[in-house]
Amino acid sequence: MSNSQQKLADSLRGHFGERLGSVNVAWREVSAEISAENLIEVATELRDNSDFKFNQLIDIAGIDYSQFGQAEWQTNDASREGFGRGVNATGTTGRLQFGDELESAVEPGRRFAVAYHLLSYSHNRRMRLKVYAADDSFPVVPTVTGVWTVANWYEREAFDLFGILFSDHPDLRRILTDYGFVGHPFRKDFPLIGNVEMRYDPVKERVVYEPVTIEPRVLVPKVIRDDNRYILDAQDEANGDA
């Protein structure tokens, strides 16, 4: 890790104390975890305090950790059949049908999270702020549109794809999926094949929706290789040379 990243992590710990659940530096990035009740207060200070000046919200990412650590496609073998060859299931994510249920692999209150990617122009540095939704069945976190206006569409996207609600959002509605869409397609319990197909019917002269006919299966690539970029980064982290 670099000295600037470590200094930022130390500064965050010293300034916010217990209001931040954890602060760590990994993969050349500074990440801090925070509870939902402290989100607005801490986000405002990160924006306005001269020691931080994170005045730009670059992105907001929803996360579903329910199947974290499960990798049913993981294998060290490849064949000439390539993309048409499936592997034995160690889970069920890739083979879900609509209406199936998955057992969460994480403890309650740790399934849904929202990650805020921040940039400080003044100090030329970045950080990630992460908050977990306490209720897995009805995930809610406060909106940060009052802190960074650009959060509006980012939060609508997280709501649309993950079903994460943002309390006090000025216009929380779907932004990417079709009208009347059922479910949230980036959740781990949403089938990869979807739940309906759509086509134009020349007789009815309109688009019609029909049950999906694709067969779910898990595929692996034809070529499997280690990525040296990540191997070198891991070695740098271990040696403290980054």
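About the cut-offs
Residues numbered from 1 in each chain as written. Predicted model: local features only at pLDDT ≥ 70, side-chain atom pairs only at ≥ 80, totals over all residues. Heavy atoms only, no water. Helix = DSSP H or I, 4+ residues; strand = E, 2+ residues; numbered from the N terminus. Buried < 20%, exposed > 50% of the residue type's maximum accessible area, 1.4 Å probe, protein only. Lys, Arg positive; Asp, Glu negative; His and termini not counted. Salt bridge = Lys/Arg side-chain N within 4 Å of Asp/Glu carboxyl O. Contact = heavy atoms within 4.5 Å. Patch = residues over 30% accessible without salt bridge, like charges linked within 9 Å, V, L, I, M, F, W, Y side chains within 5 Å. Areas by Shrake-Rupley, 256 points an atom, 1.4 Å probe, with all protein chains shown as cover. Phe/Tyr/Trp six-rings, centres within 6.5 Å; stacked < 30°, edge-to-face > 60°. Lys NZ or Arg CZ within 6 Å of the ring centre and 35° of its normal.

### Comments concerning the side chain of Glu155
Turning to step 1, where the next piece is worked out: Examined against the element boundaries, Glu155 turns out to sit in helix H3 (residues 151–162).
Turning to step 2, where the next piece is worked out: Buried and unpaired, Glu155 has Arg156 as its nearest opposite-charge partner, separated by 9.3 Å.
Turning to step 3, where the next piece is worked out: The contact partners of Glu155, leaving out residues within four places of it in the chain, are Ile60, Pro142, Thr143, Val144, Thr145, Phe166, His169 and Leu172.

### Let's talk about the pattern of salt bridges
Turning to step 1, where the next piece is worked out: One pass over the full model with this rule turns up twelve salt bridges.
Turning to step 2, where the next piece is worked out: Where Asp171 meets Arg173, a salt bridge forms, and the shortest distance between an N and an O atom there is 2.9 Å.
Turning to step 3, where the next piece is worked out: Classification of Arg173 by relative accessible area gives partly exposed; the value is 46%.
Turning to step 4, where the next piece is worked out: Salt bridges here are not isolated pairs; linked through shared partners, they connect Arg19, Glu41 and Glu45.

### Focus on a nonpolar patch on the surface
Turning to step 1, where the next piece is worked out: Taken together, the side chains of Val196, Met198, Tyr200, Val207 and Tyr209 present a nonpolar region at the surface, about 500 Å² in accessible area.
Turning to step 2, where the next piece is worked out: Taken together, the elements giving at least two residues each to the nonpolar patch come down to strand E8 (196–201) and strand E9 (206–211).
Turning to step 3, where the next piece is worked out: Along the chain, Tyr200 turns up in strand E8.

### Observations concerning the packing of aromatic side chains
Turning to step 1, where the next piece is worked out: Using the criterion set out here, one finds five aromatic pairs in the structure.
Turning to step 2, where the next piece is worked out: Seen in terms of ring centroids, Tyr65 and Phe68 are 5.5 Å apart; in terms of plane orientation they differ by 80 degrees. Their pairing is edge-to-face.
Turning to step 3, where the next piece is worked out: Here Phe181 and Phe190 contribute two aromatic rings whose centre-to-centre distance is 5.9 Å and whose plane-to-plane angle is 25 degrees, an arrangement assigned as stacked.
Turning to step 4, where the next piece is worked out: Under the relative-accessibility criterion, Phe190 is labelled buried at 10%.
Turning to step 5, where the next piece is worked out: Site record: aromatic cluster; members linked through ring pairs are Tyr65, Phe68 and Tyr132.
Turning to step 6, where the next piece is worked out: Directly above the ring of Tyr132 sits Arg110, whose terminal nitrogen or CZ lies 3.7 Å from the centroid.

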